[in-house]
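# Residue-level structure breakdown
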Amino acid sequence: MKWMIPDLFAPSIYRIDYRALWQRGIRGLIFDLDNTLVETTRPDATPELLEWLHQLQEMGFHVVIVSNNNRTRVSQFAIPLQIPYIHRARKPLAPAFRQAMREMQTEREETAVVGDQLLTDVLGGNRLHLYTILVAPISEQDAFFTRFNRQMERHIFRWMHRRGLTRWEEKK
């Protein structure tokens, strides 16, 4: 179960202390797309997200989107932003995370994974010893397989809480 414990929990991508990440040596950020950056049903970036991405790039971070979704969904979001992306990533398997690090030219200790799911984003990042950040999902609307993952996550969160393993505020 240690593979399921993120290094950090944040209520949203906007509440992460990126200066602290920079100070700890993080230079590359792998982001999930759906319910991490935008709602699953939203095809494009919000003005707030555009400003935030600009700030990250100004700080010097490299960014890659790694999503289990299809090429059409991911490319239509990422291409207008000029952000590299990997679709059908098969998270939590390692190849897409490794490909993202090659794209950003970062090593494991310089890379963080940010996503809204324990069973894909956190597990995948932890298996490669990347810094993992779990954010609360933006929306309650999920794809079919994600709904199954959310049920499993609830059991895992309860298990962690009973053992005192959670190091963040509980998800509601």
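I will try to describe carefully the structure that is included in this document.

Conventions used here
- Residues numbered from 1 in each chain as written.
- Predicted model: local features only at pLDDT ≥ 70, side-chain atom pairs only at ≥ 80, totals over all residues.
- Heavy atoms only, no water.
- Core = buried A, V, L, I, M, F, W, Y, C linked by side-chain atoms within 4.5 Å.
- Buried < 20%, exposed > 50% of the residue type's maximum accessible area, 1.4 Å probe, protein only.
- Helix = DSSP H or I, 4+ residues; strand = E, 2+ residues; numbered from the N terminus.
- Contact = heavy atoms within 4.5 Å.
- Salt bridge = Lys/Arg side-chain N within 4 Å of Asp/Glu carboxyl O.
- Pairing = 2+ DSSP bridges.
- Right-handed = clockwise from strand over helix to strand, strands pointing away.
- Axes fitted to C-alpha atoms, helices over the stretch in contact; angles between N-to-C directions.

## Quick notes on the nonpolar core
- Ranked by internal contacts, the top residues of the largest apolar core, which has 29 residues, are Tyr18 and Phe31.
- Every element with two or more residues in this core is listed here: helix 1 (18–23), strand 2 (28–31), helix 2 (47–59), strand 3 (62–66), helix 3 (71–81), strand 5 (111–115) and strand 6 (131–135).
- When near neighbours in sequence (up to four residues on either side) are disregarded, phenylalanine 31 contacts Ile13, Tyr18, Thr36, Leu37, Trp52, Leu56, Val63, Val64, Ile65, Val66 and Val114.

## Considerations on the pattern of salt bridges
- Going through the model one piece at a time under the given rule, you end up with four salt bridges.
- In this structure, aspartate 34 engages arginine 73 in a salt bridge whose closest nitrogen and oxygen atoms are separated by 2.5 Å. Taken as a pair, aspartate 34 in the loop between strand 2 and helix 2 and arginine 73 in helix 3 lie far apart in primary sequence, 39 residues in all.
- In this structure arginine 73 comes out as buried when scored by relative accessible area, which is 12%.
- We note a salt bridge from arginine 42 to aspartate 44, for which the minimum N-O separation is 3.7 Å.

## A short note on the pairing of strand 5
- Within strand 5, five of the five residues are buried, leaving the element largely enclosed by the surrounding structure.
- Where burial is concerned, the two faces of strand 5 agree: the one with Thr111, Val113 and Gly115 and the one with Ala112 and Val114 are both buried.
- Pairing geometry for strand 2 and strand 5, over four bridges, is parallel. From the neighbouring strand, isoleucine 30 faces strand 5, where its bridge partner is valine 113.
- When strand 5 meets strand 6, the two strands line up parallel, connected through four bridges. Directly across from alanine 112, in strand 6, lies its bridge partner tyrosine 131.
- This β-α-β element, strand 5 to helix 5 (residues 118–127) to strand 6, shows right-handed connectivity.

## Some words on the environment of isoleucine 138
- With respect to the secondary-structure elements, isoleucine 138 resides in the loop between strand 6 and helix 6 (144–162).
- Sequence separation of isoleucine 138 and asparagine 35 is 103 residues, and the distance between their C-alpha atoms is 4.8 Å.
- In contact with isoleucine 138, other than residues within four places in its own chain, are Asn35, Thr36, Leu37, Val38 and Glu39.

## Notes on unusual backbone geometry
- Across the junction of lysine 91 and proline 92, the peptide omega takes the value 20°, indicating a cis bond.
- With respect to the element layout, proline 92 can be found in the loop between strand 4 (85–86) and helix 4 (95–104).
- A positive phi angle, near 60°, is found at glutamine 82, a position not held by glycine.
- Positionally, glutamine 82 belongs in the loop between helix 3 and strand 4.
- Take glutamine 82: its relative accessible area is 72%, and that puts it in the exposed class.

## Thoughts on the sheet that holds strand 3
- The strand order across the open sheet formed by six strands is 1-6-5-2-3-4, and the pairing between neighbours is parallel. Each edge of the sheet is formed by a strand with only one pairing partner; in this case those strands are strand 1 (8–10) and strand 4.
- On top of the sheet, helix 5 reaches strand 5 and strand 6; it is set at about 165° to strand 6, its chief contact.

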